[in-house]
Amino acid sequence: MDRDKLAASRFNCTVRDRCIFETGIKLATVYHQYVGTPFDSSSIGSLETAIAESIMAQPYVTDVSISIDRSVLPDPRDNYSYVSLRGEMIDAKVTVSIENVSVTSEMRYDVELGYPLMYVSDISES
């Protein structure tokens, strides 16, 4: 059984539309799975890596970058201080490729909107 063909048969849209959908699912995973995760200066790098690797494990993902705002880090000498991850702290970029289509979507805090906006930043077809 070809699982890719079987999955594709479930979608009533173009490959381009499906790529856009897939990037949205991936960014929603970043937001809804990880917001609230505690971290400090010693764990921020491993949290970024864990988020990126969990997204890379999903189908059709070809590239991921995750960056967490380091300006929110507490004093590392205080054992009782840590931060809980919030949406406005995350910069995420995910690229999904299916057949001849690649879509890159991003999540960034938009100051004007006061909101961690998820948006399509690039679509390419070869």
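Whatever comes next refers back to the structure up there.
Model, not experiment: these values are computed from the prediction.

Right, let's get into the sheet that holds strand β6 (residues 115-125). Taken together, four strands build an open sheet; the order of strands is β2-β4-β5-β6 and the sheet is antiparallel. The two strands at the open ends of the sheet, each matched to only one other strand, are β2 (61-68) and β6. Going from strand to strand, the sheet's axes swing by 10° on average, the running direction of each strand aside. Here β2 runs beside strand β4 (residues 90-98); their pairing, made up of seven bridges, is antiparallel. When the sheet's bridge partners are listed, V61 is paired in β4 with V96. Contacting β2 and β4, helix α3 (residues 44-56) runs over the sheet at an angle of about 155° to β2.

Applying the stated criterion across every chain, the model contains eight salt bridges. A salt bridge links E125 to R16; the shortest N-O distance between them is 3.6 Å. Taken together, the residues span a long stretch of sequence, with E125 in strand β6 and R16 in helix α2 (residues 15-34) at a distance of 109 residues. Residue E125 is classed as exposed on the basis of its relative accessible area of 51%. By relative accessible area, R16 is classed as partly exposed at 34%.

Definitions and limits used
- Residues numbered from 1 in each chain as written.
- Predicted model: local features only at pLDDT ≥ 70, side-chain atom pairs only at ≥ 80, totals over all residues.
- Heavy atoms only, no water.
- Pairing = 2+ DSSP bridges.
- Helix = DSSP H or I, 4+ residues; strand = E, 2+ residues; numbered from the N terminus.
- Axes fitted to C-alpha atoms, helices over the stretch in contact; angles between N-to-C directions.
- Contact = heavy atoms within 4.5 Å.
- Salt bridge = Lys/Arg side-chain N within 4 Å of Asp/Glu carboxyl O.
- Buried < 20%, exposed > 50% of the residue type's maximum accessible area, 1.4 Å probe, protein only.

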